[in-house]
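Structural characterization, general
This is what each chain is made of:
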Amino acid sequence: TPETSFNDQIITCGVESNDVNDDLVFTSYQWKVLSNGTMVDLEENAEELFPRPSEITPGDRVFCSVEVDDGESTATSETHTLIQNREPEFTEMLILSTENVRAGTSVECIGLGEDIDGESTDISFQWRHGLNDLNGTLLGLQETLHLTEMNAIKDEFVSCFATIEDESGASVTTHSSIRIENTPPTMDLVQIIPVA
């Protein structure tokens, strides 16, 4: 127990036994983990296993082998549980700009996250037109988006979608949006006519 196991929680191997001779029965435990096709013995030999994410990862199978001994003969049985994967999660998501958000400037998408199972994560980005519209026109796939007259229209929004994925393939997507500000007019030439 529990039936759904994770690599940072206590796993208990419960056993019920009896002896028709009413002999005193001794119970011993052995824990193993099957990881990437390799079976490894764990040091724990008690009813409870205190797994560590550094030793056991999602997708591993943890086996508990139990032996009961009445002093003259023994009986052995084994059971196992599959270590489940949990989705990674974002701890922070925001869009940064050091200048006013308009054509000629750049905006940066910051996404920070973690995986509670201890797996490494990878974060990817998509910039799109519209307010949190995943179907909006794709503008870029990098953390930084350079705004131009073509992709930055006053009062419209651009959105950053960030996806965090762990080693087991579980992923979560979140988003943030920012509104394009007005670009002030420019003057090409100022002169007084006639020139003296």
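Below, the structure is looked at part by part. (Residues numbered from 1 in each chain as written. Predicted model: local features only at pLDDT ≥ 70, side-chain atom pairs only at ≥ 80, totals over all residues. Heavy atoms only, no water.)

1. Here we look at the pattern of salt bridges
What counts here: One speaks of a salt bridge when a side-chain nitrogen belonging to Lys or Arg is within 4 Å of a carboxyl oxygen belonging to Asp or Glu. A run of H or I in DSSP becomes a helix once it reaches four residues, and a run of E becomes a strand once it reaches two; helices and strands are each numbered from the N terminus.
Counted according to the given criterion, the structure contains 6 salt bridges. Between Lys32 and Glu78 there is a salt bridge, with the nearest N and O atoms lying 3.1 Å from each other. Taken together, the residues Lys32 in strand E2 (residues 26-35) and Glu78 in strand E6 (residues 74-82) connect sequence positions 46 residues apart. Here Asp117 makes a salt bridge to Arg86, at a shortest N to O gap of 2.8 Å.

2. Here's the deal with the sheet that holds strand E5 (residues 61-69)
Where we set the bar: One requirement defines pairing of two strands: DSSP has to find at least two bridges between them. In this description, a line fitted to the C-alpha atoms serves as the axis of each element, helices being fitted only across the stretch in contact, and the angle between N-to-C directions of two axes falls anywhere from 0 to 180 degrees.
An order of E3-E2-E5-E6 is seen for the 4 strands of this open sheet, with the pairing classed as antiparallel. Each edge of the sheet is formed by a strand with only one pairing partner; in this case those strands are strand E3 (38-41) and E6. The average undirected angle you get between the axes of adjacent strands in this sheet is 25°. Where E5 and E6 come together, 9 bridges link them in antiparallel fashion. Following the sheet pairing, Val68 is matched in E6 by Ala75.

3. Details of the pairing of strand E13 (residues 171-179)
In the sheet, strand E12 (residues 157-166) pairs with E13 via 9 bridges, with the strands oriented antiparallel. Residue pairing across strands places Phe157 opposite Arg179, the latter belonging to E13.

4. A few points about the sheet that holds E12
One open sheet accounts for 4 strands, arranged E10-E9-E12-E13; its pairing is antiparallel. Looking at strand neighbours, the two that pair on one side only are strand E10 (138-140) and E13, the edges of this open sheet. Sheet twist, expressed as the mean angle between neighbouring strand axes with direction ignored, is 30°. Alignment of strand E9 (residues 121-129) against E12, held across 9 bridges, turns out to be antiparallel. When the bridges of E12 are listed, Arg128 appears paired with Ser159.

5. Digging into the state of the cysteines
To keep things clear, this is the line we draw: Any two cysteine sulfur atoms within 2.5 Å of one another count as a disulfide. The cut-offs for exposure are 20% and 50% of the maximum accessible area for each residue type, with area from a 1.4 Å probe on protein chains only; residues under the lower value are buried, those over the upper are exposed, and the others partly exposed.
Tallied over the full model, the rule gives 2 disulfides. Between the sulfur atoms of Cys13 and its disulfide mate Cys64 the distance is 2.0 Å. Measuring handedness by torsion sign, the sulfur bridge of Cys13 and Cys64 sits at about -95° and is left-handed. Here Cys13, found in the loop between strand E1 (11-12) and E2, pairs with Cys64, found in strand E5; they are 51 residues apart in sequence, far enough to count as distant. You can call Cys64 buried: its relative accessible area is 2%. Each sulfur in the disulfide pair Cys109 and Cys160 lies 2.0 Å from the other. Taking the torsion about the sulfur-sulfur bond, which here is approximately -95°, the covalent link between Cys109 and Cys160 counts as left-handed. Of this pair, Cys109 sits in strand E8 (residues 106-114) while Cys160 sits in strand E12, placing them 51 residues apart in sequence. Take Cys109 and Cys160: they sit in the same class, and that class is buried. Cysteines bonded in the chain are numbered consecutively along the chain; their disulfide partners then correspond to 1-2, 3-4.

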